Amino acid sequence: MTTREILATESEDLLTTGEAARILGTSRQHVVDMCKSGLLPYTLAGTHRRIRRRDLEEFRSGSVRPSRDQRRSMWLNMAVAGTLVRHPEPTLALARENLAALRAQHPRGQAARWLAEWDRLLGGPIERVLEVLTSTTQYARELRQNSPFAGALTPQEREEVLAAFTDYTRARNARVHPSGVAG
């Protein structure tokens, strides 16, 4: 079944991991891994994962075109990732300290859920934290909204990143042709 046929099939709201993989243009195993890691919501039909078409479309559209604010945030988070790579232990210690304070402030609700996820991530491999800091997925964007990495960049580093982002964005916009297509 082609991607177009899968998307056009309105009678079936749940997709197999194989169908989801075809829509995303990735492997079935990658879809399974995204489900296991919480990047992609799913339900079980017996022992088989099923992904709601709506969840897949939200995931897909959420990772296609980030807003200007999301791109700006991404630049800052990439700089934080650079700090984490250069100084892993002090940066993780700061994040754990911030996380404890945030969890005390937000013991319930949606923020508490994302903070619990940060707690899990900070206890695992550093590569997973780096992936979240630099990913364009909706999951990573939501997670970064509750980031424990405040203070990982010095005020000067933060300003330099924001200035670089502004300069890059202006230069990029100056290259846009009258037709609206980037050159």
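This text gives an overview of the structure that appears in the document.

## Things to note about the sheet that holds strand β1 (residues 14–16)
In spatial order, the strands read β1-β3-β2; together these 3 strands make up an open sheet with antiparallel pairing. At either end of the open sheet lies a strand with only one pairing partner, and these are β1 and β2 (43–45). Within the sheet, the average angular offset between the axes of one strand and its neighbour, ignoring direction, is 50 degrees. With 3 bridges joining them, β2 and strand β3 (residues 48–52) adopt antiparallel strand pairing. Bridge pairing links T43 to R50 in β3.

## What about the packing of helix α7 (residues 109–122) against helix α8 (residues 126–134)?
Remark: α7 packs on α8, axes separated minimally by 8 Å, with the N-to-C direction vectors making an angle of 135 degrees. Here α8 runs oblique to α7, going by the angle between their axes. Across the interface between the two elements, W118, L121 and L122 of α7 pack against R128, V129, V132 and L133 of α8. Of the residues that constitute the contact of α7 with α8, the class distribution is 6 nonpolar, no polar and 1 charged.

About the cut-offs
Residues numbered from 1 in each chain as written. Predicted model: local features only at pLDDT ≥ 70, side-chain atom pairs only at ≥ 80, totals over all residues. Heavy atoms only, no water. Pairing = 2+ DSSP bridges. Helix = DSSP H or I, 4+ residues; strand = E, 2+ residues; numbered from the N terminus. Axes fitted to C-alpha atoms, helices over the stretch in contact; angles between N-to-C directions. Parallel < 35°, antiparallel > 145°, perpendicular 65-115°, else oblique. Contact = heavy atoms within 4.5 Å. Nonpolar A, V, L, I, M, F, W, Y, C, P; charged D, E, K, R; others polar.

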